[in-house]
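Close look at the chain arrangement
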Amino acid sequence: MATPRIAPSMLSSDFANLASEAKRMVRCGADWLHMDIMDGHFVPNLTIGAPVIESLRKHTKAYLDCHLMVTNPLDYVEPLGKAGASGFTFHVEVSKDNWRELVRQIKLKGMRPGVSLKPGTPIEEVFPLVEAEDPVQMVLVMTVEPGFGGQKFMPEMMDKVRTLRKKYPSLDIEVDGGLGPSTIDLAASAGANCIVAGSSVFGAPDPAQVISLLRKTVENSQTKY
Ligand SMILES: O=C(CO)[C@H](O)[C@H](O)COP(=O)(O)O
Ligand SMILES: [Fe+2]
């Protein structure tokens, strides 16, 4: 069975106080810290890159779950590996020709490879990456159009999660976008075990309580499928 992982999205944190925000999330019970790396090209927003990951790494030992919303993920492998990233999740839409090389390089640099897909991308596109001789270790199902925090969860994406969970019982399946107390039931019962949550955690009066609720819902659902 896949381990539940709650990953607050640091996109919703106060970037001017990133180190203290990261430590606060770990104290609140976060398993992973989700780092949204956007290049202003693959998505119409620009966030952080390897220099910020390197700075943050000096302040925390936490698993840094990097979500690469960039057009050329291969260019980021070496700098992010050096910076201390833990997970490296690239988008299938921009890696159709080089995903094997990407996965190889990501592992070589000591990171854990994952693949993500946008809402309009069919789930079948990630099957070869999960079934490869040298496979990705996580699939991130986007539940909003990538680019911005605070958007509305798309419940129709749960078919993708159900399909994956049925096919791959122990795979890490992450969901990202619009997750919180009102949507976690749908995602957890579909089979997601890694939950990214930005605005619902950072906007809550008690983030620890939200993180705990997300985790409990995943744990309870796992006994049912
Ligand atoms: O990848 C992302 C956006 O592209 C973010 O991780 C995601 O949107 C999290 O924010 P929220 O929980 O507020 O939706
Ligand atoms: Fe993300």
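Residues numbered from 1 in each chain as written. Chains lettered and ligands numbered in written order. Predicted model: local features only at pLDDT ≥ 70, side-chain atom pairs only at ≥ 80, totals over all residues. Heavy atoms only, no water.

**A short note on the coordination of the iron ion (ligand 2)**
Only H34 (NE2), D36 (OD), H67 (ND1) and D176 (OD) from the protein coordinate the iron ion (ligand 2), and they sit 2.0 to 2.3 Å from it. Seen from the iron ion (ligand 2), its six donor atoms lie at angles of 71 to 172°, and the figure they make is octahedral. Motif for the iron ion (ligand 2), donor spacing along one chain: H-x1-D-x30-H-x108-D. (Donors = N, O, S within 2.8 Å, 3.2 Å for Na, K, Ca; no water. Tetrahedral: all angles 85-135°; square planar, octahedral: opposite > 155°, others 65-115°.)

**Side note on the confidence of the model for the chain**
Across the chain, the average pLDDT comes to 98, with 100% of residues at or above 70. Among the prediction metrics, the complex's ipTM stands at 0.98, with pTM recorded as 0.98. (pLDDT = per-residue confidence, 0-100.)

**A word on the packing of aromatic side chains**
Note on aromatic pairs: each is described by the distance of the centres and the angle between the planes. Taken as a whole and judged by the stated rule, the model has two aromatic pairs. Ring plane angle 20° and centroid distance 4.4 Å describe the contact between W32 and Y63, whose orientation is recorded as stacked. On the criterion of sequence distance, the pair formed by W32 in strand β2 (residues 32–38) and Y63 in strand β3 (residues 63–69) is long-range, its members being 31 residues apart. When the ring of F127 is compared with that of Y168, the centres are 6.3 Å apart and the planes differ by 70°; the resulting orientation is edge-to-face. Separated by 41 residues along the polypeptide, F127 in helix α5 (residues 127–131) and Y168 in the loop between α6 (158–167) and β7 (172–176) bring together distant segments of the chain. For the pair F127 and Y168, one class covers both residues: buried. The positively charged end of K118 is found above the aromatic ring belonging to F42, 5.0 Å away from the centroid. Residue placement shows K167 over the ring face of F127; its charged tip is 4.6 Å from the ring centre. (Phe/Tyr/Trp six-rings, centres within 6.5 Å; stacked < 30°, edge-to-face > 60°. Helix = DSSP H or I, 4+ residues; strand = E, 2+ residues; numbered from the N terminus. Buried < 20%, exposed > 50% of the residue type's maximum accessible area, 1.4 Å probe, protein only. Lys NZ or Arg CZ within 6 Å of the ring centre and 35° of its normal.)

**Brief notes about the sheet that holds β3**
Taken together, eight strands build an open sheet; the order of strands is β1-β8-β7-β6-β5-β4-β3-β2 and the sheet is parallel. With one partner strand each, in any of the chains shown, β1 (5–8) and β2 form the two edges of the open sheet. Neighbouring strand axes in the sheet, compared pairwise and without regard to direction, differ in orientation by 20° on average. Strand direction decides the pairing type here: β2 and β3, joined by seven bridges, are parallel. Note that in β3 the partner of W32 across the bridge is Y63. Against the sheet, helix α3 (residues 74–83) contacts β2, β3 and β4 (87–91), and its axis sits at roughly 165° relative to β4. (Pairing = 2+ DSSP bridges. Axes fitted to C-alpha atoms, helices over the stretch in contact; angles between N-to-C directions. Contact = heavy atoms within 4.5 Å.)

**Observations concerning the pattern of salt bridges**
What the rule picks out here adds up to nine salt bridges. Two residues, R215 and D31, come together in a salt bridge whose shortest N-O distance is 2.8 Å. Taken together, the residues R215 in helix α9 (residues 207–222) and D31 in the loop between α1 (18–27) and β2 connect sequence positions 184 residues apart. R112 is paired through a salt bridge with D172; the nearest N and O atoms lie 2.8 Å apart. Here the residue R112 occupies a position in strand β5 (residues 112–117), and D172 occupies one in strand β7, the gap between them amounting to 60 residues. (Salt bridge = Lys/Arg side-chain N within 4 Å of Asp/Glu carboxyl O.)

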